[in-house]
Amino acid sequence: MSSVSNLVVLDLVGIFVFAISGALVAVRKELDLFGVLVLAGTTGLGGGFLRDVLIGATPPAALADWRYLMVPVGAGLLTFWFHPTLGRMERSVNVFDAFGLALFCVTGAVKAAEYGLGPAPAALMGMVTGIGGGMARDVLAGRVPVIFRGELYATPALAGAVVAVVLHEIGLPFWLIALCGGSLCLVWRLIAIRRDWRAPMPSGPSSV
């Protein structure tokens, strides 16, 4: 498969996983079917949409390819009808979300690098691709975004994106780039979930 085909496949898998997590948030907020589909689509497509606009890949893939729209719709409907089962699988959903983060940080970084961005901006675009949809979801749902609540989420995404960019600059095959960069992000995120690792928070009273 070509690099472009690999990017599309990994993008769609990541979109599906993220869309489920967004739909679950909507169900818990007691939103209607439309609200569930909106949050599913926002979570699944938000990061990639933002990346494409920033790097000049217009129209964004989410608007140019019907598959990018159908995948979050399918994930949203699946969650709407089977949310009790998916809700009981919360830990599994977190694991799937970590896989989605790993996929997106790699595809975002590689696509940005292929559009001519330097290593540092391309790595940042990889991180944005991974966390952008979740941030938009939390804002729409009236929650403080996950990445601001101390969870190690953005840092693993940035680390995986950096590895992906470095390996892309070297000229390694895409599958090896995805394996190395994605594995670093995935393992770091899963260990953080299991051991409850958190980013440093301010100490002392919050009022100043």
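A brief report on the enclosed structure follows. For clarity, every value in this text was computed on a predicted model and none was experimentally measured.

What counts and how
Residues numbered from 1 in each chain as written. Predicted model: local features only at pLDDT ≥ 70, side-chain atom pairs only at ≥ 80, totals over all residues. Heavy atoms only, no water. Helix = DSSP H or I, 4+ residues; strand = E, 2+ residues; numbered from the N terminus. Rg over C-alpha atoms; globule rule 2.2 N^0.38 Å. Buried < 20%, exposed > 50% of the residue type's maximum accessible area, 1.4 Å probe, protein only. Contact = heavy atoms within 4.5 Å. Core = buried A, V, L, I, M, F, W, Y, C linked by side-chain atoms within 4.5 Å. Axes fitted to C-alpha atoms, helices over the stretch in contact; angles between N-to-C directions. Parallel < 35°, antiparallel > 145°, perpendicular 65-115°, else oblique. Left-handed = near helix turned anticlockwise from the far one by under 90°. Nonpolar A, V, L, I, M, F, W, Y, C, P; charged D, E, K, R; others polar. Salt bridge = Lys/Arg side-chain N within 4 Å of Asp/Glu carboxyl O.

### Description of the overall build of the chain
Next, step 1: Broken down by element type, the chain carries eight helices and zero strands.
Next, step 2: In sequence order, the secondary structure elements of the chain are arranged as α-α-α-α-α-α-α-α.
Next, step 3: Relative to its length of 208 residues, the chain is compact, with a C-alpha radius of gyration of 17 Å against a globular reference of 17 Å.
Next, step 4: By principal-axis analysis of the C-alpha atoms, the chain measures approximately 45 × 45 × 30 Å.
Next, step 5: Residues counted as buried form 48% of the 208 residues belonging to the chain.
Next, step 6: Taking the intrachain contacts of the chain between residues at least 6 apart in sequence as the baseline, contacts between residues at least 24 apart amount to 73%.

### Quick look at the nonpolar core
Next, step 1: Counting 41 residues, the largest nonpolar core has Tyr 68, Leu 101, Val 106 and Val 110 as the members making the most contacts within it.
Next, step 2: Among the secondary structure elements, those contributing two or more residues to this core are helix H1 (3–28), helix H2 (33–55), helix H3 (61–64), helix H5 (90–114), helix H6 (119–140), helix H7 (154–170) and helix H8 (174–195).
Next, step 3: Among the elements that make up this core, the one with the highest residue count is H5 (11 residues).
Next, step 4: When near neighbours in sequence (up to four residues on either side) are disregarded, Leu 101 contacts Phe 18, Gly 130, Ile 131, Tyr 153, Ala 157, Cys 185 and Arg 189.
Next, step 5: Counting residues in each nonpolar core, the second largest holds 13 residues, with Ile 20, Val 27, Ala 40 and Ala 75 among its members.

### Regarding the side chain of Asp 11
Next, step 1: Mapped onto the fold, Asp 11 is located in helix H1.
Next, step 2: Its relative accessible area of 5% is what places Asp 11 among the buried residues.
Next, step 3: Apart from the residues within four sequence positions on either side, Asp 11 is in contact with Arg 51, Tyr 68, Phe 104 and Thr 107.

### Brief notes about the packing of H2 against H6
Next, step 1: Between H2 and H6, the shortest axis-to-axis distance is 7 Å and the interhelical angle comes to 140 degrees. When the axes of H2 and H6 are compared, the pair comes out oblique. When you trace H2 past H6, the crossing you get is right-handed. Here H2 contributes Leu 39, Thr 42, Thr 43, Gly 46, Gly 47, Gly 48, Leu 50, Arg 51, Leu 54 and Ile 55 to the contact with H6, which in turn contributes Met 125, Val 128, Thr 129, Gly 132, Gly 133, Gly 134, Ala 136, Arg 137 and Leu 140.
Next, step 2: Of the residues contributing to the contact of H2 with H6, the split by class is eight nonpolar, nine polar and two charged.

### Structural notes on the pattern of salt bridges
Next, step 1: Within the structure shown, the criterion is met by seven salt bridges.
Next, step 2: We note a salt bridge from Asp 52 to Arg 51, for which the minimum N-O separation is 3.0 Å. Considered together, Asp 52 and Arg 51 belong to a single accessibility category, that of buried residues.
Next, step 3: Salt-bridge contacts for Asp 52 lead to Lys 111; the nearest nitrogen and oxygen are separated by 3.1 Å. Of this pair, Asp 52 sits in helix H2 while Lys 111 sits in helix H5, and the two are 59 residues apart along the sequence.
Next, step 4: Using a relative accessible area of 1% as the deciding quantity, one classes Asp 52 as buried.
Next, step 5: Exposure remark for Lys 111: the relative accessible area of 16% places this residue in the buried category.
Next, step 6: Taken together, the salt bridges that share partners define one network made up of Asp 11, Arg 51, Asp 52 and Lys 111.

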